[in-house]
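# Notes for the structure review
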Amino acid sequence: MTPDEAEEACLYAMQLLGASVLGMTLKAAVELKLLETIVRAGPGAVLSPSEIAAQLSDNLQAAVMVDPILRLLAAFRVVSCTVEAGDGGRALRKYGAAPVCKYLTKNEDGVSIAVLGLATTTKYYLKDAGLEGGIPLNKAYGMKVFEYPGTVAWFNQAFNEGTRNHTTIFTRKLLQKYRGFDDVKVLVDIGGGTGATNL
């Protein structure tokens, strides 16, 4: 490798090792409703961390945690970021909704694919399954993947809501492109889950 190739490989290795941080950060942003707060401000609006935090908590220190979360998400184009001169000449970051926020916040049908992410970012024993074989979630919880939701209410709710939201969004997209259902009068969803394709 040339020195430039070695540097690029090193930076890429660091990026790969830090990739889990994005998932955890995005999960926190969804749970805190940071993206919904930004989107609710309207198209083209930008908000400071303090303005966002004020809508979520009475804790004056909340903005200190909101800013690094959004700064990381800005690096991955989940939100936009502009920098202005703040008090005393300090940099003041303001965040706006990037196009991907359309799918990470509730749409006109009241659904978002972000909900599915909340259900899937739980502990999985990938290393153990890789070494020993088997399904990671089965190893983590000692039961099959479809038994687990019946034992943990929050996971069951998040999984069902997430799959319903995912189905609603992608079925609508499918129907916008695929014309094979134009003459169909009744279409029955027998795919399981909650048993409903909501459009």
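Residues numbered from 1 in each chain as written. Predicted model: local features only at pLDDT ≥ 70, side-chain atom pairs only at ≥ 80, totals over all residues. Heavy atoms only, no water.

Looking at an unreviewed UniProt entry, the chain carries the name Caffeic acid, with the source organism given as Musa troglodytarum.

### Side note on the packing of aromatic side chains
All chains considered together, the criterion is met by three aromatic pairs. Pairing tyrosine 178 with phenylalanine 181 gives two aromatic rings, centres 5.3 Å apart and planes at 75°, and the pair type is edge-to-face. The class for tyrosine 178 is partly exposed, based on a relative accessible area of 44%. Put simply, the rings of Tyr148, Trp154 and Phe155 pair up and form one aromatic cluster. (Phe/Tyr/Trp six-rings, centres within 6.5 Å; stacked < 30°, edge-to-face > 60°. Buried < 20%, exposed > 50% of the residue type's maximum accessible area, 1.4 Å probe, protein only.)

### A short note on the nonpolar core
For soluble globular proteins, nonpolar side chains are generally found buried alongside one another. Core analysis: the biggest nonpolar cluster contains 21 residues, and Leu34, Leu35, Ile52, Leu70, Leu73 and Val79 have the highest contact counts within it. Mapped by element, the contributors of at least two residues to this core are helix 2 (19-31), helix 3 (34-40), helix 4 (49-54), helix 5 (62-75), helix 6 (101-104) and helix 7 (114-120). Considering every element that reaches this core, the biggest residue donor is helix 5, with six residues. Every residue in contact with leucine 35, bar those within four places of it in the chain, is listed here: Leu26, Ala29, Leu73, Val78, Val79, Cys101, Leu104 and Thr105. One finds Ala140, Tyr141, Tyr148 and Phe155 within the second-largest nonpolar core, a separate group that totals six residues. (Core = buried A, V, L, I, M, F, W, Y, C linked by side-chain atoms within 4.5 Å. Helix = DSSP H or I, 4+ residues; strand = E, 2+ residues; numbered from the N terminus. Contact = heavy atoms within 4.5 Å.)

### Here's the deal with the packing of helix 2 against helix 5
Between helix 2 and helix 5, whose axes approach to 10 Å, the crossing angle comes to 125°. Viewed along their axes, helix 2 and helix 5 adopt a mutual orientation that is oblique. Between helix 2 and helix 5 the crossing geometry is left-handed. Each of Val21, Leu22, Thr25, Leu26 and Ala29 in helix 2 lies in contact with helix 5, whose residues at this interface are Ile69, Leu72 and Leu73. (Axes fitted to C-alpha atoms, helices over the stretch in contact; angles between N-to-C directions. Parallel < 35°, antiparallel > 145°, perpendicular 65-115°, else oblique. Left-handed = near helix turned anticlockwise from the far one by under 90°.)

### A closer look at a nonpolar patch on the surface
The grouping of Leu174, Tyr178, Phe181, Val184 and Leu187 at the surface amounts to a nonpolar patch, some 460 Å² of accessible area in total. Judged by relative accessible area, phenylalanine 181 falls into the partly exposed class, the value being 30%. (Patch = residues over 30% accessible without salt bridge, like charges linked within 9 Å, V, L, I, M, F, W, Y side chains within 5 Å. Areas by Shrake-Rupley, 256 points an atom, 1.4 Å probe, with all protein chains shown as cover. Salt bridge = Lys/Arg side-chain N within 4 Å of Asp/Glu carboxyl O.)

### Examining the side chain of serine 48
Within the secondary structure layout, serine 48 lies in the loop between helix 3 and helix 4. We classify serine 48 as buried; its relative accessible area is 7%. When near neighbours in sequence (up to four residues on either side) are disregarded, serine 48 contacts Leu92, Arg93 and Lys94.

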